[in-house]
Number of protein chains: 4
Amino acid sequence: MYSFMNDYSEGAHPRLFEMLKQANLEQNNGYGLDDHSLKAKEYIKKKIGREDVDIHFIPGGTQTNLLVISSFLRPYQCVISVDTGHINVHETGAVEATGHKVVTVPGKDGKLTPEAIAKALEYHTDEHMVQPKMVYISNTTELGTIYTKAELTAISNFCKEKKLLLFLDGARLASALTCKANDLTLSDIANLVDVFYIGGTKNGALLGEALVLCKESLKEDFRYLIKHRGAMMAKGFVMGIQFEALFEDNLYFELGLHANQMAERIAEALHQGGYSFYATPGTNQLFPILSNEIIDTLAEKFVFSIQEKIDKENSAVRFVTSWATTEESVEALVKELLLYGAR
Amino acid sequence: MYSFMNDYSEGAHPRLFEMLKQANLEQNNGYGLDDHSLKAKEYIKKKIGREDVDIHFIPGGTQTNLLVISSFLRPYQCVISVDTGHINVHETGAVEATGHKVVTVPGKDGKLTPEAIAKALEYHTDEHMVQPKMVYISNTTELGTIYTKAELTAISNFCKEKKLLLFLDGARLASALTCKANDLTLSDIANLVDVFYIGGTKNGALLGEALVLCKESLKEDFRYLIKHRGAMMAKGFVMGIQFEALFEDNLYFELGLHANQMAERIAEALHQGGYSFYATPGTNQLFPILSNEIIDTLAEKFVFSIQEKIDKENSAVRFVTSWATTEESVEALVKELLLYGAR
Amino acid sequence: MYSFMNDYSEGAHPRLFEMLKQANLEQNNGYGLDDHSLKAKEYIKKKIGREDVDIHFIPGGTQTNLLVISSFLRPYQCVISVDTGHINVHETGAVEATGHKVVTVPGKDGKLTPEAIAKALEYHTDEHMVQPKMVYISNTTELGTIYTKAELTAISNFCKEKKLLLFLDGARLASALTCKANDLTLSDIANLVDVFYIGGTKNGALLGEALVLCKESLKEDFRYLIKHRGAMMAKGFVMGIQFEALFEDNLYFELGLHANQMAERIAEALHQGGYSFYATPGTNQLFPILSNEIIDTLAEKFVFSIQEKIDKENSAVRFVTSWATTEESVEALVKELLLYGAR
Amino acid sequence: MYSFMNDYSEGAHPRLFEMLKQANLEQNNGYGLDDHSLKAKEYIKKKIGREDVDIHFIPGGTQTNLLVISSFLRPYQCVISVDTGHINVHETGAVEATGHKVVTVPGKDGKLTPEAIAKALEYHTDEHMVQPKMVYISNTTELGTIYTKAELTAISNFCKEKKLLLFLDGARLASALTCKANDLTLSDIANLVDVFYIGGTKNGALLGEALVLCKESLKEDFRYLIKHRGAMMAKGFVMGIQFEALFEDNLYFELGLHANQMAERIAEALHQGGYSFYATPGTNQLFPILSNEIIDTLAEKFVFSIQEKIDKENSAVRFVTSWATTEESVEALVKELLLYGAR
C-alpha cells in the first residue's frame with residue numbers, strides 16, 4: 001500500500017546519501033563546528049543573499065520551535081499563534097515546558113493577520129496578563145496554505161511597529177517557496193522576519209532544520225542556548241553535509257517543486273471529480289472532503305490520515321506528497337479519485 | 001593530522017550505512033513506530049535477556065539525560081551525581097532547565113559509591129532542602145573508568161533500600177562492557193539499574209541512544225514525555241535502522257572492543273614510556289600526564305584535548321579512540337610516545 | 001469616593017486583628033508549624049466534617065493555583081479551564097511558568113460543564129498533544145456565578161470516571177457558600193473535589209488561602225512543594241491566627257453573607273432600574289450593563305472597573321462588595337442607580 | 001521556655017501593628033499601588049540617598065531570591081554563590097525550579113571573594129557549560145558574618161569588570177548594618193550592588209522584603225515578573241504600611257541594633273566562658289561550640305538549633321536574637337553559659 005500519510009516516510013534524497021557516504025570516514029569537528037556545516041551555511045547565505053545572518057542546524061522542528069521561543073522571550077512574555085498552529089496543538093506542551101504561554105487567535109485558512117494579532121495585543125493590557133512579544137507563523141501553514149509577499153509584509157510591518165519578534169516556522173518552506181501561488185523568495189523572508197527555519201526533515205534530509213537568525217540582537221550566545229536545550233548534536237556534521245547537498249545548487253527547491261507537482265496532479269483530479277476542500281489546495285498537503293464510503297475504499301489501497309469529521313457522511317482527509325512521491329502512486333490515486341467522483 | 005579528540009568524529013560504521021541505504025526508499029511509519037525500530041528493540045531485548053523492558057531511541061545524550069531526570073522526579077526532588085558527572089559540568093544546565101537540582105558528591109576515579117550517596121542523604125533532612133530521589137552514574141565514567149559488578153551491585157542495593165531510582169548513562173557503554181576489567185553484562189545492568197541507555201552516537205551510529213526503561217512504573221506515557229521535550233524524531237526509523245544493524249549480531253560489542261584495543265595499544269606505550277596517568281586507563285579514553293614540551297610536539301601531528309593543567313610543566317591530556325580509529329594512526333602516536341618517554 | 005473596585009481594599013476584619021495583636025509577642029514555631037495554624041486546621045476540618053484532609057496556608061491565590069497545578073501533574077499533562085478562568089487570563093502565565101499548558105474550553109456564564117470537558121478530552125488523543133489530567137474550576141467564578149450541587153456533582157462524577165483531578169479555586173468561596181442560590185456545603189465540596197482552597201484574602205484576612213488536600217495521594221511531601229515554589233512563609237502563624245479567627249465560630253460565613261447582602265441590595269436597585277446584566281447576579285460581584293453616560297456620572301462618586309465594552313454606547317461594569325462594605329456606601333450607590341434607571 | 005531558635009518567632013513590632021490598625025478600614029488600591037507603599041518607597045529612597053532606584057515589596061525571602069535570579073538571567077546563565085548560601089542549601093531547589101543552575105564556590109566564614117568568583121569564571125569557558133552572569137551574596141551571611149566596605153567594593157569592582165550582576169540578599173540587613181564591625185551604609189550598598197533587598201520579616205514585620213533595583217536595565221516590566229511568579233499580593237498595602245513604619249524614622253535600624261546588642265551580651269558571656277566559635281560572632285546569629293552535656297542542660301530551659309556536629313562530644317549550636325528578644329531571657333541564658341563555661 002502506498003502511503004500519502006506524510007512527507008517523512010522515506011530516508012534521504014540519494015544525493016544527500018551519496019555525500020554522507022563520501023564524508024563518512026573523514027574526521028570532523030564535533031558539535032557543528034565542522035567544515036561541511038560551515039560550507040552549508042555559506043551556500044544558504046548565498047541563496048538568502050545576506051552574509052549577516054547566523055545559521056544553526058537543529059535536529060527537529062518541535063525542538064527548534066521550543067528553542068527559538070524560549071531563547072528570545074523574557075519569562076512573562078508569550079508568543080501569539082493561530083489556534084491551528086503546530087506549537088499550540090501538536091507539540092505536547094513543549095513550548096509551555098519552557099515556561100511560556102502560547103496565546104492563540106483564530107486563523108483564516110490557517111493563517112495569521114495583523115488584525116488578529118492586534119486583537120490579542122488589545123486584550124493584553126497590563127501586568128496581570130502575559131505580555132505578547134513574539135508572533136509565530138508557519139509557511140506552509142498546518143493547512144498547507146501559504147503567505148503571499150503582501151501578507152507577510154503586512155505582518156512584518158505590524159510586528160516592527162509593535163516591537164514584536166516575528167518567527168517563521170519553515171518545516172515545509174520548500175513546498176511554500178516552489179508552489180504556483182508563491183511570490184516570496186528566501187531573501188524576502190530573511191528580510192521580513194526576525195528568525196525562521198528552512199526545514200530539512202520534510203524535504204529530503206534524514207533530519208535537520210536550518211535555523212536562520214536574521215536580527216543582530218538574537219545572535220548572542222546562541223550555541224549556549226542550543227546546548228542548554230539538549231539540541232546540540234555531537235555529530236552535527238551529519239546535518240551539515242545534508243544541507244550542503246541541498247543548497248550547493250538548487251536541490252532543495254527541486255525537491256519542493258516535485259512534491260508540489262505530485263500534489264497538483266492529485267488536486268486536479270479532485271477538482272475534476274468535483275470534490276470540495278477543507279483548506280485551499282496549492283502545496284504538498286491536500287485536504288479534500290470525501291464521503292466515508294470513498295474513504296473506506298481508498299483506505300484499502302492507500303495510507304492517509306483523517307483530518308476532521310465534517311458530518312455524519314463526510315470527512316476531510318489529508319494527502320501529503322514529498323520529494324520521494326512516485327508518479328505511479330499518484331496516478332494510481334488519481335485513477336481511484338476520478339472513478340468515484342464526489343457525487 | 002589524525003584526531004584523537006573524541007569518538008564522534010566520523011560518520012556511521014559501514015554496515016549501518018549499508019542498511020540505511022537499503023531501507024532508504026521504503027515508506028516507514030513516523031515517530032519511531034516503524035518496523036526497523038521494532039526489530040531493533042527486539043534484538044536489544046534479546047541481548048539484555050528480558051522481554052519486559054521498554055526501549056526508546058533518543059537523538060542525543062544530553063537530551064536523554066534531561067528527559068530521564070525530568071520525567072521521573074517530582075518538582076522538589078533532585079538527582080545525585082559525582083562532581084565530575086556529565087550532567088553537572090558539560091550540559092549547560094540542561095537538567096536544571098527542567099527544574100531539578102543536581103546535588104554533587106566527590107567521586108573516586110570518577111565513580112560514585114554508596115558511602116558518598118549516604119552522605120548526601122544525611123545532609124538532606126527536611127522540606128527546606130531538595131529531596132534526593134535519583135542517582136546518576138555513567139559507565140564508562142567521564143574519566144574512562146568503569147564500575148565492576150560488585151560496585152554496581154552495592155550501589156543498586158543501596159538505592160533500592162533508600163528508594164532511590166538508579167539511572168546509568170551509557171553513552172560509552174560499548175567501551176565499558178568490552179574492556180578487559182569488565183565483569184558486567186548488558187543483562188546485569190538491566191537488572192541492577194532502573195533506567196539506562198546504550199549509546200549509539202559514540203559507537204558507530206550517526207546519532208541515537210537506546211534508552212531502556214527497566215522498572216515497570218517508569219514506562220507509562222513515556223512517548224508523551226519524549227515529544228514534550230522535543231526529542232521525538234519524525235524519521236525515528238533512522239535511529240531504528242542503525243540500532244538494528246548494531247544489535248542484530250554482535251557489531252555493537254565488536255566496535256567497542258576495537259576502540260578499546262586501540263586505546264590499549266596506546267596505554268601500553270604510555271606505560272612503557274613511564275608516563276603517569278590522571279585516571280586509571282582501561283577503556284577508550286586515556287588521560288596521561290605529559291610535559292608541555294611533549295604536548296607541543298605531539299600537537300604538531302595529532303589532535304587531542306587538554307584535560308587539566310597539573311602544574312607549571314605538565315598537563316593531563318585526553319586521547320580518545322573509537323570504532324573508526326585506524327591502526328596506522330595508533331602506531332604513529334605510539335611511535336612518538338615511545339620516542340620521548342616520560343623523562 | 002467609595003470604592004466598589006474589589007474585595008481586597010481594606011485590611012483585616014477587626015476580630016482577626018484583635019487575635020493577631022493578642023498573639024503578637026508570643027514565640028511561635030516558624031513555617032506554619034505553630035499552634036495557631038494547628039488549631040485553625042482543626043477548626044476548618046470540623047466545619048468540613050472530615051479529619052482526613054490535609055490543610056496548608058498559602059499567601060496568595062495565584063501562588064496557590066500554580067502550586068497545586070504544578071504539584072500534581074506530570075510534565076506533559078495539562079489542566080482544563082474555562083476560557084475566562086483566572087489561571088488562563090489573569091495570572092501572567094504563572095501556570096505555564098511551571099511548564100504546564102492551560103487548555104481552555106468555552107464557559108457558560110463562567111462555568112465549566114462535563115460536556116465541555118469531554119470535548120477537550122476527545123480532541124487530545126495521543127502523545128503529540130498534551131494529556132488532560134486536571135480540571136480547574138472556581139466558585140464563585142470570575143463572573144460571580146456559582147456551581148449548584150447538581151452541577152458540581154456532575155463534574156465530579158465525570159472527572160472520577162475519566163481519572164481527572166478536580167481542583168476548585170475558592171478565592172471567593174465565602175460568597176459562593178452564603179449566597180441565596182447556593183445548595184453546597186463546605187463538606188460537599190471536600191467530598192466532590194480532590195483539592196480546593198478557602199480564600200482568606202478576599203474575605204477578611206490580610207493574606208492567606210487555606211488549601212485543602214482531600215485526596216490521599218496528593219498529600220505526600222506537600223511541604224516540600226510549598227517551599228520549592230517560595231510559598232512557605234517564615235511567619236506562617238500570621239495566616240494561622242487569622243484562619244483561627246475566621247473558623248473558630250462562623251465568622252468566615254458571616255463575612256461572606258454580609259458581602260452578598262450588600263451586593264443584593266445593589267442588584268435589587270439594578271433590577272428595579274431595568275438594567276440588564278452581563279452575567280447572572282447572585283454573589284458579591286455584579287456585572288450590570290450601563291450606558292457610558294451613566295458610567296461617567298457614577299465614576300464621579302464611586303470607584304469601579306469596566307469589565308467589557310458592549311457596544312458604542314454601553315459597557316458592562318463590575319461592582320464588588322466585601323465584608324467591609326458599608327450600608328451607607330451601598331445606599332449612596334443605590335440612590336444613584338435608581339435616579340438614572342436603564343432607560 | 002524561651003526560644004533563641006530564630007528571628008521570626010514573634011509578630012510585628014508594636015509600632016507597625018499600630019499603623020496597620022490605623023489604616024485597617026481605609027480603602028487602598030490593590031497590588032502594591034497604594035499610597036502607603038508609595039510613601040514607604042519614598043522613605044527608603046531617602047535613606048538610600050537615591051531617587052533613581054525602583055522598589056518593590058515581596059512577601060518572602062526565598063520568593064525574592066527566585067524572582068530576582070530568574071528575572072535577570074537568560075536561560076543558560078547561572079548564579080554564583082558560596083556553598084553555604086541560602087539559595088544553594090535551604091530553598092528546596094526554588095532557584096533551579098526556574099531553570100537556573102546555582103554554581104557554588106567555597107566560602108570564607110560564609111563569605112564570597114573575587115578570587116573565588118574568578119575560579120568559577122575560569123572553569124566555565126564555553127557553551128558546553130553554563131555561563132556565570134550573576135553573583136549572589138548575603139549580608140549578614142548564613143553564618144552571621146558581614147561584608148566590610150572594602151570587601152564589598154572589591155566584589156563590586158570585580159563584577160563590573162566581568163559584567164556580572166551583583167545581587168545582595170539582605171534578609172538580615174538590619175543586623176548587618178547596625179553591628180559594631182560594620183562600615184557600610186544603605187547608600188553604599190545601593191551604589192555597590194545591582195539589586196538587593198532589605199529584609200522585613202526578620203526585623204519586625206509580619207512579612208515583606210523591600211527589593212531595590214539599582215541598575216536601570218533591571219527595572220523594565222518588573223511588575224510583570226512579580227505577578228508571573230505568584231509574588232504579587234492583592235493587599236500589597238499590608239507590606240507597604242509596615243515598611244512605612246520601619247523607615248519613616250530610624251525604627252528599622254533601631255530594631256537591628258537591639259537584636260545585635262542582645263547577641264553581644266551573649267557573645268561576651270561565651271568569650272568569658274572560654275567557648276570557641278564555629279563562625280566569627282558579631283551580629284544577631286551566634287554559633288558557639290558547646291559540649292553535648294551543656295547542650296542537653298541548656299535545652300531544658302531554652303530553644304535553639306544544632307548547626308553541625310563537630311566531633312563526638314561537641315556541636316556548634318545557633319542562638320538567634322531579634323528585635324523582640326528580651327533582656328531577661330538573655331540574662332537567663334548568660335547565667336547558664338557562665339555557670340558551665342567551656343571547660
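Residue indices begin from 1 for each chain and proceed along its sequence in written order. Starting at A for chains and at 1 for ligands, labels are handed out in the order in which the entities are written. pLDDT decides what is reported in this predicted model: residues at 70 or higher carry local features, side-chain atom pairs at 80 or more are listed and counted, and totals for whole chains, interfaces and linings draw on all residues regardless.

## Focus: the relation of the copies chain A and chain B
Alright, step 1. Copy-to-copy superposition: least squares on the C-alpha atoms, limited to residues that have pLDDT of at least 70 in both copies. For the pair chain A and chain B, the relating rotation is 180°, the translation along its axis is 0.0 Å, and the fit reaches an RMSD of 0.0 Å. What the rotation and shift describe, once combined, is the action of a two-fold rotation axis.
Alright, step 2. What counts as a contact here is a pair of residues whose C-beta atoms, placed from the backbone, lie within 7 Å. Of the residues that chain A buries at the interface, 100% are likewise interface residues in chain B, meaning the two copies contact each other through the same surface.

## Considerations on the domain arrangement of chain A
Residues and elements named next belong to chain A.
Alright, step 1. An automatic or database domain assignment is the source of the domain bounds shown. Split by domain assignment, chain A resolves into domain 1 (2-7 + 252-340) and domain 2 (14-250).
Alright, step 2. Taken over C-alpha atoms, the centre of domain 1 sits 27 Å from the centre of domain 2.
Alright, step 3. Contact residues are listed per partner, giving 19 residues for domain 1 and 22 residues for domain 2.
Alright, step 4. Sorting elements by how many residues they give to the side of domain 1 that touches domain 2 places helix 11 (residues 251-272) first, with 8 residues.
Alright, step 5. Split by residue class, the side of domain 1 that touches domain 2 holds 10 nonpolar, 7 polar and 2 charged. We count a stretch as a helix when DSSP gives it H or I for four or more residues in a row; a strand needs E for two or more, and each element gets its number in order from the N terminus. Residues were grouped as follows: Ala, Val, Leu, Ile, Met, Phe, Trp, Tyr, Cys and Pro as nonpolar; Asp, Glu, Lys and Arg as charged; and all remaining residues, including Gly, as polar.

## Some thoughts on helix 1 (residues 14-22) of chain B
Alright, step 1. Exposure in this text rests on C-beta crowding, where 20 or more other C-beta atoms within 10 Å of a residue's own make it buried, 12 or fewer make it exposed, and counts in between make it partly exposed. The C-beta atoms are placed from the backbone. Along helix 1 of chain B, the residues that are buried comprise L16, F17 and L20 of chain B. For helix 1 of chain B, the buried positions fall inside an angular range of 100° around the axis, keeping them on one side.
Alright, step 2. Its buried side turned inward, helix 1 of chain B meets helix 1 (14-22) of chain A together with helix 10 (237-247) of chain B. The reported arc concerns the directions from the helix axis to the C-beta atoms and nothing else.

## Thoughts on the sheet that holds strand 4 (residues 102-105) of chain D
Residue and element names in this part refer to chain D.
Alright, step 1. One open sheet accounts for 7 strands, arranged 2-8-7-6-5-3-4; its pairing is mixed. Two strands in the sheet have a free side with no partner beyond their single neighbour: strand 2 (54-58) and strand 4. For this sheet, the mean inter-axis angle between neighbouring strands, taken without regard to orientation, is 25°.
Alright, step 2. At least two bridges found by DSSP between two strands is the condition for calling them paired. As defined by bridge partners, strand 5 (residues 131-138) adjoins strand 6 (residues 165-169) across 5 bridges and the pair is classed as parallel. Helix axes use the C-alpha atoms of the stretch in contact, all axes being lines fitted to C-alpha atoms, and the angles between their N-to-C directions lie in the range 0 to 180 degrees.

## Some remarks on the interface of chain A and chain B
Alright, step 1. Taken together, the 39 residues of chain A in the interface contact 39 residues of chain B.
Alright, step 2. Contributing elements (two or more residues each) for the side of chain A that touches chain B: helix 1, helix 3 (61-72) and helix 9 (222-228) of chain A.
Alright, step 3. Taken together, the residues of the side of chain A that touches chain B sort by class into 17 nonpolar, 16 polar and 6 charged.

## Examining the relation of the copies chain D and chain A
Alright, step 1. Between the two copies, chain D and chain A, the superposition gives an RMSD of 0.0 Å; the rotation angle is 180° and the shift along the axis is 0.0 Å.
Alright, step 2. A share of 100% of the interface residues of chain D reappears at the interface of chain A, consistent with the copies meeting face to face through the same patch.

## What about the interface of chain D and chain A?
Alright, step 1. Of the residues lining the interface, 13 residues belong to chain D; the matching set on chain A comes to 13 residues.
Alright, step 2. For the side of chain D that touches chain A, the secondary structure elements donating two or more residues are helix 3 (61-72) and helix 9 (222-228) of chain D.
Alright, step 3. Sorting elements by how many residues they give to the side of chain D that touches chain A places helix 9 of chain D first, with 5 residues.
Alright, step 4. Considered class by class, the residues forming the side of chain D that touches chain A number 4 nonpolar, 5 polar and 4 charged.

## Some details on the pairing of strand 14 (residues 314-320) of chain A
Residues and elements named next belong to chain A.
Alright, step 1. For strand 14, a buried count of 5 out of 7 residues is recorded, marking the element as mostly surrounded by other parts of the structure.
Alright, step 2. Two strands pair when backbone bridges link them, and strand 10 (residues 285-286) and strand 14 are joined in this way by 2 bridges, in the antiparallel orientation. The residue of strand 14 that forms the bridge with Q285 is V320.
Alright, step 3. In the sheet, strand 11 (residues 288-291) pairs with strand 14 via 3 bridges, with the strands oriented antiparallel. Looking at the pairing, L290 lines up with S315 of strand 14.
Alright, step 4. As paired strands, strand 13 (residues 305-309) and strand 14 are joined by 4 bridges and run antiparallel to one another. Across the sheet, residue E308 finds its bridge partner in strand 14, namely A316.
Alright, step 5. Connecting strand 13 to the antiparallel partner strand 14 that follows it, the hairpin turn spans 4 residues.

## Considerations on the sheet that holds strand 6 (residues 165-169) of chain B
Residue and element names in this part refer to chain B.
Alright, step 1. With mixed pairing, the 7 strands of this open sheet are ordered in space as 2-8-7-6-5-3-4. At either end of the open sheet lies a strand with only one pairing partner, and these are strand 2 (54-58) and strand 4 (102-105). Across the sheet, the mean angle from the axis of one strand to that of its neighbour is 25°, orientation sign disregarded.
Alright, step 2. Pairing analysis gives 4 bridges linking strand 3 (residues 77-82) to strand 5 (residues 131-138), with the strands arranged parallel. Residue C78 lies in a different strand from strand 5, and its bridge partner there is P132.

## Some points on the environment of V320 of chain D
Residue and element names in this part refer to chain D.
Alright, step 1. Structurally, V320 is set in strand 14 (residues 314-320).
Alright, step 2. It is 5.9 Å that separates the C-alpha atoms of V320 and M5, two residues lying 315 residues apart in sequence.
Alright, step 3. In this view, V320 contacts F4, M5, N6, D7, N284 and Q285; residues no more than four positions away in its chain are not counted.

## Considerations on the environment of D7 of chain B
Residues and elements named next belong to chain B.
Alright, step 1. Within the fold, D7 resides in the loop between strand 1 (2-3) and helix 1.
Alright, step 2. On the neighbour-count criterion, D7 (27 C-beta atoms within 10 Å) is buried.
Alright, step 3. For the pair D7 and G204, spaced 197 residues apart in the sequence, the C-alpha separation amounts to 8.7 Å.
Alright, step 4. With residues up to four places along the chain from it excluded, the contact list for D7 reads K202, A259, N284, V320 and S322.

## Some thoughts on unusual backbone geometry
Alright, step 1. Cis rather than trans, the peptide bond between N139 of chain A and T140 of chain A has omega equal to -5°.
Alright, step 2. A positive phi angle, close to 60°, is found at Y31 of chain C, a residue other than glycine.
Alright, step 3. Within the secondary structure, Y31 of chain C sits in the loop between helix 1 (14-22) and helix 2 (35-48).

## What to know about the packing of helix 5 (residues 114-123) of chain C against helix 6 (residues 149-162) of chain C
All names here are of chain C.
Alright, step 1. Taken N-terminus to C-terminus, the directions of helix 5 and helix 6 make an angle of 25°; their axes are 9 Å apart at the nearest point. It follows that helix 5 is roughly parallel to helix 6 by the angle criterion. Each of P114, I117 and L121 in helix 5 lies in contact with helix 6, whose residues at this interface are A154, I155, F158 and K162.
Alright, step 2. Class assignment for the residues of the contact of helix 5 with helix 6 results in 6 nonpolar, no polar and 1 charged. Here the word oblique covers every angle except those under 35 degrees (roughly parallel), over 145 (roughly antiparallel) and from 65 to 115 (roughly perpendicular).

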